[in-house]
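The residues making up each chain are set out below.
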Amino acid sequence: MGLVALSSRDPEGDFMFKSVSLMVIAALVLTGCASASASEFAADGSCDGVRVTVNFAGLGQDVSSCVLIGGDAATAKEVLSAAGVSTEGTKAYGDMVLCRVNGVPGKNQQIVISGGEPYVETCQELPAAFAYWGFYLRASGTTDWVFAPEAVTDLLVRHGDSIGLAFSLGGTALKPTD
């Protein structure tokens, strides 16, 4: 980012005011105006932000969190990050296809499905049909979880929405439970 030099040659101070204003605007644009931060659930269990649910199918500690967002919307990736949830996409598809959430499944972790060969997720291509992460959305005012229509980096969520990740084992698509 280039810095604007301040000059004291302008007796009216207009140049200095304009330069400082431009730097403030540039900083806002570069850092983004949306923000997200973890919050507590209300006493009745409601969330005054975006509810985050992650189910690890016994391979990790499940997550249930409420995240407040600044502004009208934030990306699902920002909300997940504020909830302490990290995601890793595949080499071939990036964040369009998630292969790990909070490091699960581990890079050397063998997944064994009854009657099948041990499987280790490499995150190169699509995960196996019997061991994969599903990314879900439950829009405000609805009760059903649906597969998210966009990747975690692209999906904008708003107050009252819920996002969920669920690890499916054995070929059955599991939905988040909260």
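Not measured: the values here are computed from a predicted model.

(A) Region of the structure containing the overall build of the protein. Assigned secondary structure in the protein consists of two helices and ten strands. Residues counted as buried form 35% of the 178 residues belonging to the protein. Surface exposure of the protein reaches about 10,200 Å², of which carbon and sulfur atoms provide 56%.

(B) Looking closely at the environment of Glu78. Along the chain, Glu78 falls in helix α2 (residues 76-82). With relative accessibility at 33%, the residue Glu78 sits in the partly exposed group. It is 6.5 Å that separates the C-alpha atoms of Glu78 and Ala36, two residues lying 42 residues apart in sequence.

(C) Structural view of unusual backbone geometry. Omega for the bond connecting Val104 with Pro105 falls within 30 degrees of zero, at -5°, which places this linkage in the cis form. Topologically, Pro105 is positioned in the loop between β6 (94-101) and β7 (131-138). One non-glycine residue, Ala57, lies in the positive phi region at around 55°. Inspection of the secondary structure assignment puts Ala57 in the loop between β2 (50-55) and β3 (63-70). Even without being glycine, Asn102 reaches a positive phi, approximately 50°. With respect to the element layout, Asn102 can be found in the loop between β6 and β7.

(D) Summary view of the pattern of salt bridges. Under the defined criterion, the tally for this structure stands at two salt bridges. Linking Asp95 and Lys77 is a salt bridge whose minimum nitrogen-to-oxygen distance equals 3.6 Å. Here Asp95 is found in strand β6, whereas its partner Lys77 is found in helix α2, with 18 residues between them in sequence. According to the relative accessible area criterion, Asp95 is partly exposed, its value standing at 22%. Judged by its relative accessible area of 28%, Lys77 is partly exposed.

Calculation notes
Residues numbered from 1 in each chain as written. Predicted model: local features only at pLDDT ≥ 70, side-chain atom pairs only at ≥ 80, totals over all residues. Heavy atoms only, no water. Helix = DSSP H or I, 4+ residues; strand = E, 2+ residues; numbered from the N terminus. Buried < 20%, exposed > 50% of the residue type's maximum accessible area, 1.4 Å probe, protein only. Areas by Shrake-Rupley, 256 points an atom, 1.4 Å probe, with all protein chains shown as cover. Salt bridge = Lys/Arg side-chain N within 4 Å of Asp/Glu carboxyl O.

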